[in-house]
Every structure is written in C-alpha cells, then in structure tokens.
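These are the residues of each chain, in order.
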Amino acid sequence: MCGIVGYIGNKEAYPILIKGLQRMEYRGYDSAGVALLQSKEIKVFKCSGKVADLEAHCQGKDISGKSGIAHTRWATHGEPTDVNAHPHFSSDRKIALIHNGIIENHIALRQALIKEGYMFESETDTEVLIHLIEDIHKKENIDLVESVRLALTQVVGTYGIIVLSVDDPNTLIVARKGSPVIIGFGKDEYYVASDASALVEYTKKVVYLNDEEIAVLSKGNDLVVKNIHNETVPHSIQKLQMTLSQIEKGGYEHFMLKEIYEQPTSIAESMRGRLNLKKEIVALGGITEYEDKLLSARRFIIVACGTSYHAGLVAEHLFEDLVRIPVEVEYASEFRYRNPIIYEDDVVIAISQSGETADTLAAVELAKKKGALVLGICNVVGSSIARATHAGSYTHAGFEIGVASTKAFTSQVTVLTLMALSLAMRKEKIQRKQYTQMIAALEDLPNKVKYVLDSVNATVQEVAIYMKDFSNVLYLGRNYNYPVALEGALKLKEISYIHAEGYPAAEMKHGPIALIDENMPVVVIATKKGTYKKIVSNIEEVKARKGKIISIVTEGDVDVKNLSDFVIEIPETEEMLVPIIASIPLQLLAYYVAVMCGKNVDKPRNLAKSVTVE
Ligand code: G6P
C-alpha cells in the first residue's frame with residue numbers, strides 16, 4: 001500500500017525513481033509524486049492519477065538531480081488530489097518526505113503544530129510528520145537524523161519514510177515501522193524502496209530494515225542503522241531472490257493474464273523439492289523442526305485476509321479431513337481485535353502473498369505474545385510476516401503483480417495440501433493408498449492445470465460475453481468448492497466491479513434465493529464426488545426460479561450439464577485438489593468480463609496489492 005522509492009548516487013535520479021514507481025504501482029495508484037534535489041533547492045512534481053500522469057506532468061520540466069524520492073499513493077487520509085499527493089514539504093521547503101503507512105495520532109499532533117504556527121497545505125497525516133520533524137529540528141537545533149528519530153518517538157501508527165534535505169544533499173534518511181523498507185547497495189550509491197521490484201534492476205545486495213529502525217544513506221559512506229532508542233544496530237546484507245523477467249509482462253496484455261497462465265509452473269515450483277513420487281515423500285523443509293509441535297497441537301488457527309483467507313478456508317477442509325486436528329479460519333482484521341482465546345499448544349498459521357498485510361502481521365504478533373507457535377505461508381521472500389513468524393514455508397509462486405491474486409492462491413493451496421499430507425502421514429491418519437494417490441495427483445497437477453488453461457478458454461469467453469452486462473452474479477459451491485465460490489466472486493467484483501456474492505449452495509434458500517430471477521446468473525461449482533448430488537438439487541431450485549446456470553463440472557458430467565445454460569468442463573482429480581483446478585476458469589472468467597467491460601484489470605479502482613494499513 002503506497003510505494004516509496006529513493007535514490008542517492010552519481011546517476012540521474014528521475015528515471016530510476018519513475019521506473020521504481022512503475023514497478024510498484026500495484027501498491028497504490030491514486031496519485032504520484034517525485035522530489036529531486038537540484039543544487040540549493042528541492043523540486044517537487046506531483047499530481048493525482050497514475051505514474052503515467054506524473055510523467056506527462058514532468059514533460060519539458062527540469063528533472064535533473066542525482067538524488068531524489070518518489071511516491072505512488074493509495075489514499076487513506078485526504079482525497080487523491082494534487083495537494084494530497086506526496087512528497088510533502090517542510091514550511092521552508094528545505095526538507096521533503098514521503099510516507100507509506102498511517103500516523104494514527106495525526107489529529108492531536110496537527111492541532112499542537114497549528115498552535116505553534118504551522119500552516120498545512122494538505123489533509124494528509126504525512127504532512128503532520130514533516131512539520132513535526134521540522135519543529136524539532138529548528139527548536140532543539142539538533143541534526144536532521146536525530147530530529148527524525150525524536151519525531152518518530154512521538155508517532156503512533158505505521159511508517160515507511162524517506163527524507164530528503166537541501167542542507168544535507170549527500171544523505172537520505174529512511175525509517176520503518178510496520179511498513180516495509182528495503183535498502184539496495186550500488187557503487188557509491190543507495191537505492192531504497194518499499195519493495196524489491198523497484199531495486200532488482202540495479203542491485204541484488206539488499207538490507208531489510210526492521211521495525212523502529214532508522215537508516216542513514218550517505219553517498220560514499222557505509223550504511224548506518226540505529227534503532228528508535230538511538231542505539232546503533234547491526235545489519236546484514238542479503239541477496240535478492242528475484243529476476244527482472246519475473247516482474248515483466250512477457251508478451252501478455254496484462255500481468256493478471258500472465259499470472260493465470262503461469263500456474264502450471266508456479267504450482268510446480270511450490271512443490272519443487274518437497275514432493276517425491278518415487279520415494280512417496282512429502283516434506284516441507286521450513287517446518288520440519290516444528291513437526292512434533294504441529295502434530296500435538298490442540299488446534300490450528302489460520303489467519304489471513306482477502307484471497308489468502310479463501311486459501312485458509314480450503315486448508316480447513318484439508319487439515320480436518322487429513323490430519324484430524326480442529327481448525328479455525330479467521331479474518332486477521334477481526335481476530336486481532338477480538339481478544340481471542342489462544343492456547344500455548346495452538347498453532348497459528350498466517351497466510352499472506354505479500355507477507356506485508358498489516359492485519360495479518362498484527363495477528364501474528366498477537367499470537368506470538370500469547371505463546372502459540374506461529375507459522376507463515378508467504379510468497380514474498382524476506383517479507384515482514386515471513387520474518388516475524390517462528391517458521392514457515394514459502395509458496396515460491398514467483399512475483400505476483402496483478403492486484404487480483406491468482407497464482408498466489410493456487411500455490412498457497414498447494415503448499416497447504418503438502419503440509420496436511422505430510423502431517424497426516426506422520427500422525428498415521430491417512431491410509432498408505434490414499435497418500436500415494438494424493439502424491440500422484442499432486443505430481444500431475446501442473447499438467448491438469450495446463451490442460452484446463454488450454455481447453456476452457458473459448459467457452460469462458462462465451463460466458464464472459466453473456467455475463468458482462470449483468471449487475472449481479474451469485475457463485476455457489478459446497479464443501480471444498482465453497483471457498484472456490486467465494487474466491488470466484490471476489491475475483492469478479494475486484495476487477496469488473498460487478499456485484500458478486502459467493503454462497504454455500506444450500507444456504508441460498510435462507511436468503512439469496514429471493515434475488516433469483518432471469519436476471520441473475522448463478523455460477524455453480526458442481527464437480528463430481530463429495531456433495532455432488534446435493535448440489536444438483538440446489539441447481540434445480542435456481543432453475544425453478546428462472547435463474548441462469550453457469551456450471552463448472554467434471555468432464556463427462558450429464559446431470560448438471562442438462563440443467564445448465566453454460567458448461568465449463570474440468571478434468572477429474574482428487575476431491576481435495578478440485579479447488580485448485582476449479583478456480584482457474586473462474587479467474588479467466590473474471591479476467592475476460594473485466595477486459596470486455598473496459599476495466600483496468602491489473603490496477604482495479606480503490607484496491608492495492610499490498611495492504612499495509614489496517
Ligand atoms: C489485498 C489484495 C488481495 C489479497 C489481500 C491479502 O486486498 O488486493 O489480492 O488477497 O490483500 O493480501 P496478502 O498479501 O496478505 O495475501
């Protein structure tokens with residue numbers, strides 16, 4: 001949420017900053033701005049809209065400068081206007097600041113600063129921070145780094161900030177709490193950003209800043225990192241695990257489509273080294289050390305948000321079916337404020353693609369405080385949740401840029417399936433035969449996913465042509481396919497803005513059935529096995545009320561096919577793996593509807609990929 005990027009060195013800063021913003025635009029795209037240090041002044045260019053609007057705004061202007069900072073915003077405080085765009089200035093325009101996060105006590109601080117005579121240009125919480133720094137700097141006559149530190153001690157909330165000053169042209173000051181900050185090292189130069197995608201082109205040597213740390217990036221000097229208590233802290237340089245090709249479109253029209261089509265590979269990557277058909281072994285290296293604790297757990301509590309929460313709902317079925325350990329799945333945002341009962345022998349599993357979601361991170365901290373073992377299932381290596389948890393497994397799906405999550409979801413479910421299988425075997429809750437069948441089915445999963453991608457495209461596009469003109473769509477599923485219905489509906493509403501609801505099919509008669517008429521398309525995931533017969537009855541109920549049925553069925557199906565207006569067939573697999581296969585056509589359906597409706601698929605309005613505010 002909000003992307004920040006900074007550069008200090010011997011190159012022209014502007015192209016580096018703009019490229020960085022473009023790479024991070026999925027974090028927010030309400031407004032963008034850049035500040036460049038030019039001899040004795042800081043030049044700021046900013047405007048509402050996307051990074052492309054900022055570039056247009058800068059056309060023909062003097063954009064020189066060897067150091068600078070830039071920001072792409074997801075508005076929290078104040079509308080996405082030109083004035084509310086970052087960077088924000090001190091009153092004398094000698095210091096500029098960009099910020100990702102929320103200053104929660106901004107009202108009290110603002111009032112105190114107004115009493116001191118400060119004038120505010122914007123409605124943002126960020127402008128409060130720059131004036132607070134300025135106030136301390138002037139009044140106490142102390143250096144800027146120390147002023148930043150003292151200001152941050154007064155702040156309640158989260159921040160990833162970069163500060164640029166005319167008086168110290170060779171230095172950028174960077175700090176973080178709750179919002180990610182990564183520092184990249186070049187030759188006599190530093191790069192800094194809220195995520196690695198903005199740095200990968202220039203360097204692989206990085207330092208991840210920890211919470212309440214302040215770093216001083218001085219051209220030609222070693223990095224200095226202090227904590228909020230003014231103690232120097234050690235930092236370790238790490239190698240970035242990312243390549244440029246992973247974050248480019250590779251010939252696809254949209255990142256989302258590329259990521260949908262990457263799923264045979266991303267799923268295979270999630271299983272690489274963890275699954276061995278010949279030896280019939282499933283093992284997740286990251287959690288082996290904790291396996292005994294997992295096996296004796298009283299309960300698993302899964303915390304997550306958005307699509308990751310839906311992966312958690314699939315995992316609830318997997319763990320309960322296979323491992324026979326009770327599972328609760330919670331929205332992290334509810335869990336953290338609910339004073340939940342967490343026992344020391346509970347295991348909390350946080351699922352997060354970005355590893356940065358503020359609510360999930362807070363849920364992790366809460367569970368740790370209560371003494372539970374906390375595991376992370378994250379995609380982004382080195383992310384805050386990955387580092388805050390006791391152990392975990394990366395999904396290795398590769399970088400996901402489209403705001404609507406696709407390959408991250410199927411990889412999360414894959415990794416959770418591996419985890420459930422490995423625990424089930426150790427706990428002797430699964431028969432050897434079923435275990436072997438599951439391993440074989442998992443081995444074959446990337447092929448099946450590829451087959452779906454190759455075979456459903458034309459039908460899905462036909463359905464999209466039909467669906468694009470409706471205002472509401474209902475998605476129904478049962479058992480393992482209920483989370484698939486939720487995820488399918490979420491995909492559609494996220495990117496096409498068509499209202500969609502996912503519902504457990506049998507619950508439909510307790511409310512949503514009242515909505516059904518010939519203007520309500522109903523997508524039903526009705527694959528063979530499990531509750532197939534039951535869902536056929538639910539489809540009959542929809543048909544009887546003239547609802548239009550779009551069904552996802554197992555190849556060769558007859559009963560549901562006969563009741564459907566459109567049919568999308570997927571190959572047969574183990575019931576536990578159906579959520580992965582069945583979600584593929586639903587991702588494509590949402591994609592094509594959104595494209596046909598002319599929507600910005602990769603950057604849907606009001607959404608951001610990484611939600612680092614609560
Ligand atoms: C945002 C994204 C969703 C994502 C959710 C949780 O809302 O737009 O795609 O599912 O955050 O993110 P996480 O990174 O924790 O999985």
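Everything numeric in this text was worked out from a predicted model, so none of it was measured. (Residues numbered from 1 in each chain as written. Predicted model: local features only at pLDDT ≥ 70, side-chain atom pairs only at ≥ 80, totals over all residues. Heavy atoms only, no water.)

1. Things to note about the pattern of salt bridges
Piece 1. Summed over all chains, the structure comprises 35 salt bridges.
Piece 2. When the shortest N-O distance is used, the salt bridge between Glu201 and Arg23 registers 2.7 Å. Taken as a pair, Glu201 in the loop between β10 (189–193) and β11 (205–208) and Arg23 in helix α1 (residues 13–24) lie far apart in primary sequence, 178 residues in all.
Piece 3. Asp469 is paired through a salt bridge with Lys468; the nearest N and O atoms lie 3.3 Å apart.
Piece 4. Beyond isolated ion pairs, a larger network of salt bridges with shared partners links Lys19, Arg23, Glu201 and Glu248. (Salt bridge = Lys/Arg side-chain N within 4 Å of Asp/Glu carboxyl O. Helix = DSSP H or I, 4+ residues; strand = E, 2+ residues; numbered from the N terminus.)

2. Quick word on empty space enclosed by the protein
Piece 1. What the rule picks out here adds up to three cavities of 30 Å³ or more.
Piece 2. Roughly 100 Å³ of volume is contained in the largest cavity.
Piece 3. Looking at the largest cavity, it is lined by 15 residues, and the ones nearest its centre are Arg478, Asn481, Thr527, Lys529 and Thr531.
Piece 4. Considered as a void within the structure, the second largest cavity measures approximately 60 Å³ in volume.
Piece 5. Counted by class, the lining of the second largest cavity contains two nonpolar, eight polar and two charged residues. (1 Å grid on protein atoms, 1.4 Å probe; cavity = no way out; pocket = protein on both sides within 12 Å on 5 of 7 lines; lining within 4 Å. Points joined across faces, edges and corners; volume = space filled by probe spheres on them. Nonpolar A, V, L, I, M, F, W, Y, C, P; charged D, E, K, R; others polar.)

3. With respect to α1
Piece 1. For α1, built from 12 residues, the straight-helix expectation of 16 Å at 1.5 Å per residue is met to within 8% by its first-to-last C-alpha distance of 16 Å.
Piece 2. With nine of 12 residues buried, α1 is to be regarded as a mostly interior element.
Piece 3. Of the positions making up α1, those classed as buried are Ala13, Tyr14, Ile16, Leu17, Ile18, Gly20, Leu21, Arg23 and Met24.
Piece 4. On its buried side, α1 packs onto β1 (3–8), β2 (31–38), α2 (51–58), β4 (67–73) and β10. (Expected span 1.5 Å × (residues − 1). Buried < 20%, exposed > 50% of the residue type's maximum accessible area, 1.4 Å probe, protein only. Contact = heavy atoms within 4.5 Å.)

4. Examining the site of the ligand
Piece 1. In the neighbourhood of the ligand, 14 residues make up the surrounding shell, with Ser308, Ser352, Gln353, Ser354 and Thr357 lying closest.
Piece 2. Here Thr307 contributes a backbone N or O atom positioned 2.9 Å from an oxygen atom of the ligand.
Piece 3. Side-chain polar atom of Ser352 to an oxygen atom of the ligand: 2.6 Å apart, as the coordinates give it.
Piece 4. In the complex, the protein chains occlude 91% of the 390 Å² of accessible area that the ligand would expose alone.
Piece 5. Among the residues making up the shell around the ligand, the classes are represented as four nonpolar, eight polar and two charged. (Near = heavy atom within 4 Å. Polar contact = N/O pair within 3.5 Å; in protein donor to acceptor, adjacent residues only side chain to side chain. Areas by Shrake-Rupley, 256 points an atom, 1.4 Å probe, with all protein chains shown as cover.)

5. Remarks on the packing of aromatic side chains
Piece 1. Taken as a whole and judged by the stated rule, the model has nine aromatic pairs.
Piece 2. Summarising the aromatic geometry, the rings of Tyr7 and Tyr191 are spaced 5.1 Å apart at their centres and angled 50° between planes, so their arrangement reads as tilted. Of this pair, Tyr7 sits in strand β1 while Tyr191 sits in strand β10, and the two are 184 residues apart along the sequence.
Piece 3. Look at Tyr7 and you get buried, because its relative accessible area is 0%.
Piece 4. On the basis of relative accessible area, Tyr191 is assigned to the buried category, the value being 1%.
Piece 5. With 6.0 Å between their ring centres and 25° between their planes, Tyr252 and Tyr261 make a pair best called stacked. (Phe/Tyr/Trp six-rings, centres within 6.5 Å; stacked < 30°, edge-to-face > 60°.)

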